[in-house]
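# Examination of the molecular architecture
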Amino acid sequence: VDIVLVCALGPPGGGRNPVTNRFLRHFNFVSFPELEAPAISLVFETIMGSTLAQDFPEEVKTSLRSTVAATIALFNEVSSTFLPIPAHVHYTFNLRDVSRVFGLMYDAEPRHIKTRSQWLRLWCHECTRVFSDRLINEEDRGTFLRLLDTQLKGFFDVSYREVVTAPRLLFCDFMSPEGKTYVEVSDIKRLSEVVNDFLDTYNTEISPPMPLIMFLDAIEHVVRLSRTLRQYNGHALLLGVGGSGRRSPTLLATRICEYERFAVEITKNFSVADWKEALRTLLRSTGLEDKQRVFIFTDTQIVKPVFLEDVSNLLNSGDVPNLFEGNDLEDIYNAMRPICTAERLPTTKMALYSRFVTQVKGNLHIVLAFSPIGEVFRSRMRMFPALVNCCTIDWFSDWPDEALSSVALNAMDRDGIEVPPDQVKAVVSIFVHMHESVARMSNRFFAETKRRTYVTPTGFLTILDAFSVLLRQKKEELSSSKQKLQNGLQKLFQTEKQVEELQISLKESQPILLQTQQDIKTMMEQIAVDKTAADEKRAVALIDERSAAGKADECKRIKAQAQAVLDQALPALDAAVKVLRNLKVKDIQEVSKYTNPPEGVKFVMQVVCIMKGVPPKKVGEAGKKRDDYWEPSRQLLSNAAELQNFMLNFDKDNIKEALVEKIKPYLDDERFQPSYVRAVSVPCTAMCQWVHAMIKYYHVNLEVQPKREMLSAAEAELAVVNAALARTRASLQEVEDRIAELEFNFNSAVEKQKELQNQVRMTEIKLDRANRLIGGLSGEKDRWNELVATYSAQEVTVVGDMLAAAGGIAYFGPFTSQYRNDLLTEWIGELDKHGLQHSADCTLLATSGDPVVIQQWNVQGLPSDSVSTENGIILSKSARWPLCIDPQGQANTWIKNMHRDASLVVTKFSDKDYVRQLEGAIRNGQPCLLENVGEELDPLLEPLLLRQTFIQGNTVMLKLGENNIPYDEEFRLFLTTKIPNPHYSPETCVKVGLLNFFITPTGLEDQLLARLVAKERKDLEDMKSQLTQSNANLMRELKDLQDTILRMLQEAEGDILEQEDLIITLDQSKVKSADIKTKVAEAKVTEQTIDETRNKYRPVAFRASTLFFTVAALSAVDPMYQYSLQWFNNLFLSVIDSAEQSEDLSKRLASLTDHVTLSFYSNVCRSLFEKHKLMLSFMLCTNILRSEGKLDELEFRYLLSGATSVVAELPNPNPDWLVDAVWSDLQFISKNLPAFEGFAESFRDQVEHYKGYFDDQDAHRHPLTEPWESKLSRLERLIVLKTIRPDKVVEGVQDFVAAFMDERYIVPPSFNLADSYKDSDVASPLIFILSPGADPMEELMKFAESVKMSKKLHSISLGQGQGRKAEALIQEGIERGSWVLLQNCHLAVTWMPTLEALVEHFTP
């Protein structure tokens, strides 16, 4: 095969290892020595000379050579001063950095650079951006400024402070009103306004918005990024811990530059093929579509190494080898060919692709966001130099106090946090102090416990959010509770006052009731007399009524006959009137315009004139004159409204007979018929109809007139009759009114009597109810008053209390008890310093815990120690999903019990369908527990952990992987890990709430006591469990009842004593409440009795707890020494069964204590290396002594660590054998350990005795001089031994252990497979840790034969492809009860998680 291998090597150093000559001998060498300074100067002077050839001032032009020389000198100084070490592997520099200094200086414009000072400020700014922005601390940045100052003084004869007078030196291209011009920022306030305007625009146009607080450091990062992105092939490497604010400035800078962002979304099944396709999409958009893109890529997205390799290629060359092929390449060639032709470039495939890559490099900007923590980062920097060489590096430091204060103030203003104005400054200062104190505590926590936790700016935002929520909730809770209590007290006060009023009312009502009864009797007698007179007058009135009724019927009949005749004429009349009403005035006026009207019109108007009494006009010759009605008609028509009004209001009832006679000749004339007139004029037709109707009405009226006269006569007679009837009725009415008045008065009196009787009865009932209410709640009154006073006091201290609580919820999670207490003590001191009032007890339990809820948690399995309780409070109140560090499985058990009835979904990352189960839980609003998570979380969870929900339609949605799923607000997520000391990255820490559920000594002691008593006195433990459950239920029920009483009192409207149902319910509630209180009191007495008996067994549980924490500390000695709580519990239970029985409790307890200690020692020794077994004995002994209060911590610390300083106050008494270091240590213990006061002087005075001590082969047993021999304890004599003869400490420790415990604890038991087998069970596999050459197979076969299992023992050697076979063998063993031996497990590391999952599902 014809292969040419070309390699490129850099010189060793900075992570590059030397290459052996054996490898180099295969190659020909081509060396590229570093350019000399003159050559470098020539290159950059030539480049910059073309820029300064423009209209720059002469003083700037003459500075060219000095600028280049100063840059090269600064580069050399920086390269030699800031060297790459593990703490900052990115401190590597090359000539590309020099070119970056001149990159934007090359684009400088004369109109903005008018003096040498402006030119030097631009140069200083570019040097700072290139060299200083990557420096990790203020010390290094100060060193750089000194180097820069040196170059300025050496080459320009000015100091840095003479050139740069502003606190911040910044240049940007988005401040100039002239467009994209790179100019100095002279007004920081204006810069802040512009950046915030861009942020507002971003939040308006892009979803989701970024609720950022743009403090000055954040603005500077935005300026730095926009500077990098505007450059050709400009890429950035952002270094900072997760949550330090790397992503947001990048997005804002991208928006400022008007570029488009591009990012890949990592899902669970994201493959290399998906990655390649994403890169193809990116390069097509930048190379073919000529779009400016910013590719944002974080280290958490590097799920496969090839991802970073491809990014490195993009940084180096703008291309990824073999990314495009086939049709993609043809598309590239076709798109680039016209461009190459226009630019007169070759059109070969290589030239076309090269032009494509050039276009990509001009449009693609990569922003890498990496965390600088851990070996992985250092390895990546070494393996991919392009990450440093091709990027402008920006280091994100911790937020300064100014930034923290600014964010806190803005958050308080944004969230509307109700803090008194005079306390705002103090609250902000305390927020900042809390954050910084936790950062210091996390360093101490790591130094002392080797547990790493991170404090990031996101954590600061968490405490702000927690404080906002807690303060609002607490204020509402206090206000609501206080209001309910005050309302209840007010109701009681009103009731007491009402009792006095009711008693007075009852006394006053009795005489009035007697007088009313007498008045009723008198009125009844008068009513009887008046009723008799009324009956007589009523009979007369009835006769008159009958007469009037007959006459009225007659009038009605006559009127009906007349109306029947009228009804014949009225329809025609109504029709004519209707037509007239519909006529318009202008239509009538139109008729008048005729000069010679039609005959029909003339005829009709002639009749109308007659009806109106308008005389005709005489026309014609004398003697032949005739009547002409047209001229009067025209006059009549000219006033059409008057004419219409005349016809409508014509007095039809009084038509004269003479008029009728005049009209009569016209009525039968065919020219006066409506049908005829209609043909010539519609208005005239209506007038014609009207005349006909009037004449018809006249004739009908003649017939009706006699009947009207008859009706008038009848009505006159009726009036006479009615008048007589009215007089009779009036007389009757007077009598009846008098009777009615009497009856009304009588009824009123009766009602008054009833009302008085009811009032008396209700008063008596109310008095009874009031007495019941007051008597029932009398006991509550004092308690309510106390609670009101308590709540009032809490309202005063609520700000201080909630500050402490918010700090606990935001920061306590990863810490253990001691560190939490130290933080709280420091915070309380800060509260006092700033004059913020707080409760005497500021613990998380006191300020945020609910005793009823906590008791229920304890029933559900949460240990009752303070740390576990605090963890429960944090878990319930934190805004972040909890990740519980739970090596003993306590959190797991508690969460499962707590959500047992809520359809808890339990899954693991290793489950094949865990994503489907998680999606179902999110959809259905179920709690979900993710068990056994590792140190890396699935990137798929990020949107869920950050709660990145969005609205689609009217539904809240969440994108999980590639799917958008409905998000139910009832969903809860819990994560647990069994890793005892996990190291989670800052990126993970900001997404979850870490909770340290490592068991505490007190919590374990209680658990072990429960197990012990359950074995020894099952009746007691059952009763204890039942009482605990019963107490929790009773306390919850009691709280609910008390809340019900207050709620009912608050909701009661009007007079509470009138609401019988309410009084009855309150009575029942109070009776039940009293009953519950009695039961709770009885239960407490019973529980106390039980606890007295149980506590007799506590010494054994206490010893067992001490033993477990002894073995838990062994993991610091060797990572292999991991012991689970489940293993310890099983061991403890087996010891209880196997310990010597005795009816004497004291003997039984002594037996248990001794047996559990020895069994523990034997079992643990079995799993330790030989060199660690004595150490176990010593740890066991000292821990027992410490638990009994018999160990001096100061002396013990000296024994372990030795002297911490050199003391040379006395001369060496015998330098011949006593070395100065030993004599210094003797003086140290004499000075610093109280028990050894004067020991150095005594040693000096009796140095010959101690010469014998020094020379004795059994120095550990050699006596000391008096009084030290009798005065010093065994530990103190061990200190003397360590100081004088450290080589004999091992023997001294053996004697020390034997003296306090027993010889058995210094003679490790030999390995016995039978004993190990006896201590195990079917759910706990035996693990053989083998040293080279050891093989337990023969011994195992012998043991199997001894227990008749040799034929059921199956073995398999693990390795590639053996996992499935082993799994099948294990399943067969479970089904058939056989033994399975898995050999060479170290060859199947990748299969171990599968084996772990199999073992977890073993059930006895």
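Heads up: the structure comes first, above all this text.
Now for a description of the structure that goes with this document. (Residues numbered from 1 in each chain as written. Predicted model: local features only at pLDDT ≥ 70, side-chain atom pairs only at ≥ 80, totals over all residues. Heavy atoms only, no water.)

## So, the overall build of the protein
The line we're drawing: Per the convention used, a helix needs a DSSP run of H or I reaching at least four residues, while a strand needs a run of E reaching at least two, with both numbered from the N terminus. For every residue, the accessible area obtained with a 1.4 Å probe (protein chains only) is divided by the maximum for its type, and the residue is called buried under 20%, exposed over 50%, and partly exposed between those limits. Contacts between residues were defined by any pair of non-hydrogen atoms, one from each residue, lying within 4.5 Å. To measure how exposed things are, a 1.4 Å probe is used in the Shrake-Rupley method; for residues, cover is taken only from the protein chains shown.
Tallying secondary structure elements over the protein gives 53 helices and 19 strands in all. The 1404 residues of the protein split such that 46% are buried. Across the protein, contacts joining residues at least 24 apart in sequence account for 74% of those joining residues at least 6 apart. Accessible area of the protein: about 71,400 Å², with a carbon and sulfur share of 52%.

## Focus on the pairing of strand β5 (residues 293-298)
Each regular strand shows side chains that alternate between the opposite faces of the sheet. The condition that has to hold: Strand pairing is assigned whenever DSSP identifies at least 2 bridges connecting the two strands. Note on handedness: a crossover is taken as right-handed if, strands pointing away from the viewer, the path from the first strand over the helix to the second is clockwise.
For β5, the buried fraction is high: six of the six residues fall into the buried class. In terms of strand pairing, strand β4 (residues 260-262) meets β5 through three bridges, oriented parallel. Among the inter-strand pairings, R261 is bridged to a residue of β5, identified as V294. Crossover connection from β4 via helix α12 (residues 272-287) to parallel β5: handedness right-handed.

## Quick word on the sheet that holds strand β3 (residues 236-239)
The strands making up a sheet associate through backbone hydrogen bonding, with each pair oriented either parallel or antiparallel. This is how it is decided: To obtain each axis, a line is fitted to C-alpha atoms, and for helices this fit is confined to the stretch in contact; angles are then taken between N-to-C directions over 0 to 180 degrees.
An order of β4-β5-β6-β3-β7 is seen for the five strands of this open sheet, with the pairing classed as parallel. Each end of this open sheet is capped by a strand with a single partner; those strands are β4 and β7 (392-395). Taken pair by pair, the neighbouring strands of this sheet meet at an average axis angle of 20 degrees, ignoring direction. Contacts between helix α10 (residues 216-229) and the sheet are confined to β3, β5, β6 (364-370) and β7, with β7 contributing the most and set at about 170 degrees to the helix. In this fold α12 packs onto β4, β5 and β6, with an angle of close to 155 degrees to the strand it touches most, β5.

## Describing empty space enclosed by the protein
Stated precisely, the cut-off is as follows: Both cavities and pockets are sets of points on a 1 Å grid over the protein atoms alone; in a cavity a 1.4 Å probe fits but cannot get out, in a pocket the set is open with protein on both sides within 12 Å along at least five of seven lines, and lining residues sit with an atom within 4 Å of a point. Grid points are joined across faces, edges and corners, and a volume is the space filled by probe spheres set on the points. Three classes are used, and their members are as follows: Ala, Val, Leu, Ile, Met, Phe, Trp, Tyr, Cys and Pro are nonpolar, Asp, Glu, Lys and Arg are charged, and the others, Gly among them, are polar.
Here the structure, examined in full by the defined rule, presents five cavities of 30 Å³ or more. Together, 22 residues line the largest cavity, and Y454, A810, P814, R880 and C989 are the ones closest to its centre. Looking at the lining of the largest cavity, the elements that each hand over two or more residues are α20 (457-582), α27 (682-811) and β17 (993-996). Broken down by class, the residue content of the lining of the largest cavity amounts to 14 nonpolar, seven polar and one charged. Of the voids in this model, the second largest cavity is the one considered here, and its volume is about 80 Å³. What lines the second largest cavity is simply F445, R451, R452, T453, P814, I885, N981, P982, L994 and N996. Its residues assigned to classes, the lining of the second largest cavity shows five nonpolar, three polar and two charged.

## Some remarks on the packing of aromatic side chains
Here is the rule: Aromatic pairs are defined between Phe, Tyr and Trp rings, using the six-membered ring for Trp, whenever the two ring centres lie within 6.5 Å; interplanar angles under 30 degrees are classed as stacked, those over 60 as edge-to-face, and all others as tilted.
Counting across every chain of the model gives 53 aromatic pairs. Where W881 meets F971, the ring centres are 5.7 Å apart and the plane angle is 80 degrees; that geometry is what we call edge-to-face. Within this pair, whereas W881 is found in the loop between α31 (866-877) and β10 (882-885), its partner F971 is found in the loop between β15 (963-966) and β16 (972-977), the two being separated by 90 residues in sequence. Here the two residues W881 and F971 agree in accessibility, since each one is buried.

## Examining the nonpolar core
Note the threshold: As used in this record, nonpolar core signifies buried Ala, Val, Leu, Ile, Met, Phe, Trp, Tyr and Cys residues forming a set joined through side-chain atoms within 4.5 Å.
Formed by 101 residues in total, the largest nonpolar core has its most connected members in F431, F467 and L803. When residues in this core are grouped by element, the largest group, 13 residues, is from α27. The residues touching L803, leaving out its near neighbours within four places in the chain, are V427, I430, F431, M434, F467, L831 and L836.

## So, the side chain of Q359
Here Q359 lies in helix α15 (residues 349-363). Residues within four places of Q359 in sequence aside, it is in contact with T286, G287 and D290.

## A word on the environment of P1263
Relative to the helices and strands, P1263 is located in the loop between α46 (1247-1255) and α47 (1268-1271). Considering only alpha carbons, one finds P1263 and Y1253, 10 residues apart in sequence, at a separation of 7.8 Å. Residues within four places of P1263 in sequence aside, it is in contact with H1249, Y1253 and E1269.

## Here's the deal with the packing of helix α9 (residues 188-205) against α10
Quick reminder of the rule: Oblique is the label for any angle not covered by the other classes, which are roughly parallel (under 35 degrees), roughly antiparallel (over 145) and roughly perpendicular (65 to 115).
Running from N to C, α9 and α10 cross one another at 75 degrees; their axes reach a closest spacing of 11 Å. Relative to α10, the element α9 is oriented roughly perpendicular. Of the residues in α10, those in contact with I188, L191, S192 and V195 of α9 are L216, I219 and V223. When the residues that make up the contact of α9 with α10 are grouped by side-chain class, the tally is six nonpolar, one polar and no charged.

## Let's talk about the sheet that holds strand β14 (residues 955-960)
Pairing within the open sheet is antiparallel, and its three strands lie in the order β13-β14-β15. Among the strands making up the open sheet, the edge pair consists of β13 (949-952) and β15. Going from strand to strand, the sheet's axes swing by 45 degrees on average, the running direction of each strand aside. Judged from the four bridges that link them, β13 and β14 form a sheet pairing that is antiparallel. Its bridge partner lying in β14, T949 is registered against L958. Across the sheet, helix α33 (residues 914-924) is in contact with β14 and β15; its angle to β15 comes to roughly 35 degrees.

## Here's the deal with a nonpolar patch on the surface
The condition is simple: Residues form patches when they are more than 30% accessible in relative terms and have no salt bridge. Like charges link within 9 Å. Nonpolar side chains (Val, Leu, Ile, Met, Phe, Trp, Tyr) link within 5 Å. A side-chain nitrogen of Lys or Arg and a carboxyl oxygen of Asp or Glu constitute a salt bridge if their distance falls within 4 Å.
Taken together, the side chains of M1120, F1169, I1327 and I1329 present a nonpolar region at the surface, about 390 Å² in accessible area. Among the structural elements, M1120 can be located in the loop between α39 (1098-1112) and α40 (1125-1138). Taking relative accessible area as the criterion, M1120 reaches 30% and is therefore assigned partly exposed.

## A word on helix α24 (residues 640-648)
Think of an α-helix as 3.6 residues a turn; residues three or four steps apart then line up on the same face. Which entries qualify depends on this criterion: Think of it as the arc spanned by the lines of direction from the helix axis to the C-beta atoms.
For α24, the full list of buried residues reads A640, L643, Q644, F646 and M647. Along the long axis of α24, the arc covered by the buried residues comes to 155 degrees, so they all point the same way.

## Things to note about the packing of α39 against helix α41 (residues 1145-1166)
Inclusion rule: Working rule for handedness: look at the near helix, and if it is turned counterclockwise from the far one by less than a right angle, call the crossing left-handed; if clockwise, right-handed.
Contact geometry for α39 and α41: axes closest at 9 Å, N-to-C directions at 15 degrees. The pairing of α39 with α41 is recorded here as roughly parallel in orientation. For the pair α39 and α41, the crossing hand works out as right-handed. Of the residues in α41, those in contact with V1100, R1103, L1107 and V1111 of α39 are L1149, L1152, T1153, V1156, T1157, F1160 and V1164. When its residues are assigned to classes, the contact of α39 with α41 shows eight nonpolar, two polar and one charged.

## Points about the side chain of H88
Take H88: it is sitting in the loop between α4 (64-81) and α5 (95-103). Judged by relative accessible area, H88 falls into the buried class, the value being 10%.

## As for unusual backbone geometry
Backbone torsion omega between E1266 and P1267 reads 10 degrees, so that peptide bond is classified as cis. Inspection of the secondary structure puts P1267 in the loop between α46 and α47. For R344, which is not glycine, the phi torsion reads 60 degrees and is therefore positive. We classify R344 as exposed; its relative accessible area is 79%.

## Quick notes on the pattern of salt bridges
Tallied over the full model, the rule gives 59 salt bridges. Note that K908 is salt-bridged to E931, the shortest N-O span being 3.5 Å. Here the residue K908 occupies a position in strand β11 (residues 905-908), and E931 occupies one in strand β12 (residues 927-931), the gap between them amounting to 23 residues. Of the two residues, K908 and E931, both sit in the buried class. Members of the salt-bridge network, linked through shared partners, are R129, D133, R168, D217, E220, R224 and D394.

## Comments concerning α40
Spelled out, the test is: One less than the number of residues in a helix, times 1.5 Å, gives the span that helix is expected to have.
In a regular helix each residue adds 1.5 Å, so 14 residues correspond to 20 Å; α40 covers 20 Å between its end C-alpha atoms and thus fits that length. Listing the buried residues of α40 in full gives L1125, F1128, N1129, L1131, F1132, V1135 and I1136. Buried residues in α40, looked at end-on, bunch into an arc of 165 degrees, giving them a common side. Contacts made by the buried residues of α40 are with α36 (1001-1016), α39 and α41.

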